[in-house]
Structure formats: structure tokens, C-alpha cells
Amino acid sequence: MKQTVLQSVQNDNTLYSQYIDYYSNINPVEGNAIRIKSLVIRGKYIEATKILDSLRIQNEKNNEPEVVFQYHWMAFQLSNFLGIKSDAYNHKLEIIKTYPKVPIRNSFELLVDLHSLDFFKDKDQRQYILNLLDFYHKEKNYYLIGRCYYYLGEIELKSMDYRKASAYFSKSIQYSNINSKDSISKIYPYIGLAEIQLAEDKNVSSFKILQSLKNTVIASPDVLLKEKYYRLYANASALNKAVKDVKWANDNFFNIIDNNNIIRIKARSSLANNIENNYERKLLSEKRIWKYIIVITSLLSLLIIAIIFCAIYFRKKRLKLDSSTKDKHIAEDQKLLIISDKTEKEILQKLDDFEKTNKFIRSNLSVKSLSQSFDTNSRYLSEIINKHKDTNFNTYLNNLRINYIIDKLNTDPNYRKYKISYLAEECGFSTHSLFTTVFKNKVGMSPAEYIKKIES
């Protein structure tokens, strides 16, 4: 039964909720954990935060290691995914404590994506999944064997060992094919193979693989997978000069990014409120406990009362100091994470004006100097660029500059006669070498090669 639920969570858009409802009657705690995974995969982050609160209540009522682990594991993944790093770190500490006490398969079967294993080092991630492979081979669980090989492929792809990554992705496809009903699982390793071929400049082959997956990806419920697919498909289409496919992929990619950003902001705020409420409940519970202690100890002799009074006094003082420190950290964290709608709109408008007036070609621009010119602070500006431009400040600035010089090269023949060092200075880069490196990373060829291509 659990196998069917896990496959439906990853692959099904219709019956998955009914399967989870049925499984929750058998195992309510694990049912909630699986439901959170299904909601994150589908981009329903606000609903996931609500189920997480239910899982927290179940955890408080039952201190069994598996229950404690499942709560902190899902809370870690959701906090990490929504960018609340301080809370993710707290749950990570609890995971490290309880992880040795639970079956090895628990964390893998509730895994949302590879980033959820960040509390492992890379080599430990490999060993963890290799250990699971032995377990699933003994069970002949072909679906989860395929998932293990896929994640091993992703680890090697991140390390740029394309030979190993390709072998693992092929293994994943092989085991996914054993389950003929499971058509969606195969798209994960196929997308991995397409990404490898793009990296190895096998653009036509990569494009054909991605093109063949189009209908299956559309049917998939996994928004994280779709985001990656549309990004790769847009790149492959551009390299193969398939203009309509580029537009289709870009439209879908930015639609997902825009929707996800809006939902993530709301979910982040909802989760932050839950964290604060949980903290206040904990403090209230502690205060009640101390009231009972004071009432009971008041019935003892005057000497004991005096001793206990001193102990309570100093402990309350320490709790108050700890409480004020934690409240300060939470407040600072919220300031970093939540920006008012008015401020956000003002900064976005200023960024739009900044782009339209080509002010980005000024040299020595920094996030600090730009934020000062916007009458805001650098943290707000960085957060909004990360959220709306889907990149950090330096990459955002470099992309604007490279796009500017590409436009000049395409529209003004005089620019093609200039030295590369002049082009670098013209668009705001401090050095010739930095300009060439950034240009090649973005365009796939050096400035000189690009000019030669235009003129040919």
C-alpha cells in the first residue's frame, strides 16, 4: 500500500489524495508527512505549512523516534525550501539526534528533492543512497531502486562527472521500465541525460530528448521538475534555433517562476507566523509549570521555600534573558524575510527604471551603492532581486551588461570594430578578462567568436 501511495505522490494528479487519505487511516503520522511531500511537489506550499502544524501536534503527543524524526524531517525540508534558514537549522540539529534511531529508508521515501539531503556531506549522500540500493534490491522494489539511481546521477551531475552521472541515469531508466505503468518516473533521468548532453555541446541530441518528453512533463504534477525542464528546453531550443519552442518553454518557465514566487512569499509568512506562535506556546507552557512548582513548594518548610525561591528567581532571570535574545533573533529573521508590499513595489519600479535608462553600465556599481540611490537598504534590494529576477545581484548586473553589449553588436556595426577591452569598459566591466568570462558563460562563445559569427 505504501508503495502505491509514494508512486501516486510523485506521478499522479488525480488519485494521489485519495491514496493518502486511505493510508492516513493506517498510519496518521506518516500519512501527514507524505501529504506534505505531495503538496510541496505540486507547489501548494501554504497547504503544506498547515499540515506541518498538524504533524507538530502529533509529534508533541507521541515521542517515538520515528514520529519525532518525521516531523523534524518535513519541517527541515519545508523551512529550507521556503528560505527560513534559522528554523531549518534548528530542525537539522534534531534530525541529527534522531536519525540513527530510525530505519534508513524513512528519510529517502519522504525526500522532496536532492537539496533536502544538504545536512549530509556529498560523499555521505552517495553512501547513504548506495546503502539504500542494497536494501531495495533485496526487496525488489524497482520504483525506489530507480529513484536511488536517479539521485546518484544528480549527485554526480552536480560534481560534473558526466560519465558516472550518465551511467546512473541510464540505470534509473532501466528500472523504471520494469514498471510499465510508471511512465512519469522515467522523465527525471531522461532530463538528467539531456542536461549532460547540453553540457557536452550535444545540442541536437539534447533537444530531441527534451522534445520527446513534452507531453509527459505537462502531465506531471511536479512543479520543481517542470521548472527545470522548461529552463533546459528553452536553452536547447535556442541552441537549435527552434524559435517557437524557445517562446513556449520561456513562457511556461516564467509562468511557473512567477506563480511559485507569489505562493512562496505567502507560505513563508504563514510558516514564520506558525514558528512564532509555537515559540509563544512553549513559553506559556513553561510558565504554567513553574506556577505549579511554586504552589507545591509553598507548602514546605520556610527553609525549603527560601531555597526554592532563590532557585526559581535565578532560573526565571535566565529564561527571560534567553527569551529576549530568541525574540530578537526571530524579529531580525522576519525583517530579513518579509518586506511590505508598498516597499517591494517601489523597489521593483526603481529597478525597472534602472534597466530602461541603462544605468547599469556605470562601473563600480555595487548592491550597497545601488540601494543607497534607491533610498533603501542592501538586504531589501538583494532579497527582491533574488525573488523577482531569480538570481543574485552580481549575476543580475552582469546579465544586463552582456545583453546591452549584445544589442549594440547586433544593431550597430561600428561596435564590431572596437577592441574587446573597449566593449568591456563600455558596458561597465572593470577588466577585459572578467567581461570575456561572463560573456562566454552566458552566450556560449567568446566576444570575438560572437562578432565573427555575426559578420559571417
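Residues numbered from 1 in each chain as written. Predicted model: local features only at pLDDT ≥ 70, side-chain atom pairs only at ≥ 80, totals over all residues. Heavy atoms only, no water.

Side note on the overall build of the protein
1) Next: Per the secondary structure count, the protein includes 23 helices and 0 strands.
2) Next: Within the protein, the fraction of its 456 residues that count as buried is 45%.
3) Next: If you take every contact in the protein between residues at least 6 apart in sequence, the share linking residues at least 24 apart comes to 61%.
4) Next: Of the roughly 24,700 Å² that the protein leaves accessible, carbon and sulfur atoms contribute 53%. (Helix = DSSP H or I, 4+ residues; strand = E, 2+ residues; numbered from the N terminus. Buried < 20%, exposed > 50% of the residue type's maximum accessible area, 1.4 Å probe, protein only. Contact = heavy atoms within 4.5 Å. Areas by Shrake-Rupley, 256 points an atom, 1.4 Å probe, with all protein chains shown as cover.)

Digging into the packing of helix α17 (residues 341-356) against helix α20 (residues 393-411)
1) Next: Taken N-terminus to C-terminus, the directions of α17 and α20 make an angle of 35 degrees; their axes are 11 Å apart at the nearest point. Two secondary-structure elements touch here, α17 through L351, F354 and E355 and α20 through Y396, L397 and L400.
2) Next: Looking at side-chain class alone, the contact of α17 with α20 contains 5 nonpolar, no polar and 1 charged residues. (Axes fitted to C-alpha atoms, helices over the stretch in contact; angles between N-to-C directions. Nonpolar A, V, L, I, M, F, W, Y, C, P; charged D, E, K, R; others polar.)

Remarks on the packing of aromatic side chains
1) Next: In total, this model carries 21 aromatic pairs according to the counting rule given.
2) Next: For the pair Y150 and Y151, a centre-to-centre distance of 5.3 Å together with 55 degrees between the ring planes defines the contact as tilted.
3) Next: Taken together through their ring pairs, the aromatic side chains of F207, Y229, Y230, Y233 and W248 make up a single cluster.
4) Next: If you follow R147 out to its NZ or CZ, it ends over the ring of Y188, 4.5 Å from the centre.
5) Next: Positioned above the aromatic ring of W248 is the side chain of K214, whose terminal nitrogen or guanidinium carbon lies 4.5 Å from the ring centre. (Phe/Tyr/Trp six-rings, centres within 6.5 Å; stacked < 30°, edge-to-face > 60°. Lys NZ or Arg CZ within 6 Å of the ring centre and 35° of its normal.)

So, the packing of helix α11 (residues 187-199) against helix α14 (residues 223-239)
1) Next: Axis separation between α11 and α14 bottoms out at 11 Å; the angle between their running directions is 35 degrees. Every pair of crossing elements has a handedness; the one defined by α11 and α14 is left-handed. Every residue of α14 that contacts α11 at I187, Y188, I191, E195 and L198 is listed here: L225, K228, Y229, L232, N235, A236 and L239.
2) Next: When the residues that make up the contact of α11 with α14 are grouped by side-chain class, the tally is 9 nonpolar, 1 polar and 2 charged. (Left-handed = near helix turned anticlockwise from the far one by under 90°.)

Some details on the pattern of salt bridges
1) Next: What the rule picks out here adds up to 12 salt bridges.
2) Next: R126 serves as the salt-bridge partner of E156, at 2.8 Å between the closest nitrogen and oxygen. One end of the pair, E156, is in helix α9 (residues 142-158); the other, R126, is in helix α8 (residues 122-139), and 30 residues separate them in sequence.
3) Next: Salt bridges sharing common partners tie together E154, E195 and K228. (Salt bridge = Lys/Arg side-chain N within 4 Å of Asp/Glu carboxyl O.)

With respect to the confidence of the model for the protein
1) Next: With 85% of its residues at a pLDDT of 70 or more, the protein shows a mean pLDDT of 82.
2) Next: Of the regions scoring below 50 in pLDDT, residues 326-337 engages in 13 contacts with residues more than four places distant in sequence or in other chains. (pLDDT = per-residue confidence, 0-100.)

Quick word on helix α3 (residues 28-41)
1) Next: For α3, which comprises 14 residues, the first-to-last C-alpha distance of 20 Å matches the rise-based estimate of 20 Å (1.5 Å per residue) to within 8%.
2) Next: Burial within α3 is extensive, with 13 of its 14 residues counted as buried.
3) Next: G43 sits one or two residues past α3 and shows a positive phi near 75 degrees. (Expected span 1.5 Å × (residues − 1).)

Observations concerning the environment of A48
1) Next: Turning to its location among the elements, A48 is positioned in helix α4 (residues 45-61).
2) Next: Once the C-alpha coordinates of A48 and S38 are considered, the two residues, 10 residues apart in sequence, prove to be 8.6 Å apart.
3) Next: In contact with A48, not counting residues within four places along its chain, are I36, L39, V40 and L78.

Remarks on the environment of K208
1) Next: Looking at the element boundaries, K208 is found in helix α12 (residues 203-212).
2) Next: As for K208 and A236, which are separated by 28 residues in sequence, their C-alpha atoms are 9.0 Å apart.

Comments concerning unusual backbone geometry
1) Next: Phi is positive for D201, which is not a glycine, with a value near 65 degrees.
2) Next: Looking at the element boundaries, D201 is found in the loop between α11 and α12.
3) Next: Owing to a relative accessible area of 62%, D201 belongs among the exposed residues under this scheme.
4) Next: The phi angle at N358 is positive, at roughly 60 degrees, despite the residue not being glycine.
5) Next: Within the secondary structure, N358 is located in the loop between α17 and α18 (367-373).
6) Next: Judged by relative accessible area, N358 falls into the partly exposed class, the value being 31%.

Things to note about a nonpolar patch on the surface
1) Next: Together, Y89, L93 and I96 give the surface a local cluster of nonpolar side chains, amounting to about 290 Å² of exposed area.
2) Next: Summarising the element assignment, I96 is placed in helix α6 (residues 85-98). (Patch = residues over 30% accessible without salt bridge, like charges linked within 9 Å, V, L, I, M, F, W, Y side chains within 5 Å.)

Overview of the side chain of H91
1) Next: As for its placement among the helices and strands, H91 is situated in helix α6.
2) Next: Apart from the residues within four sequence positions on either side, H91 is in contact with Y71, H72, A75, F76 and S79.

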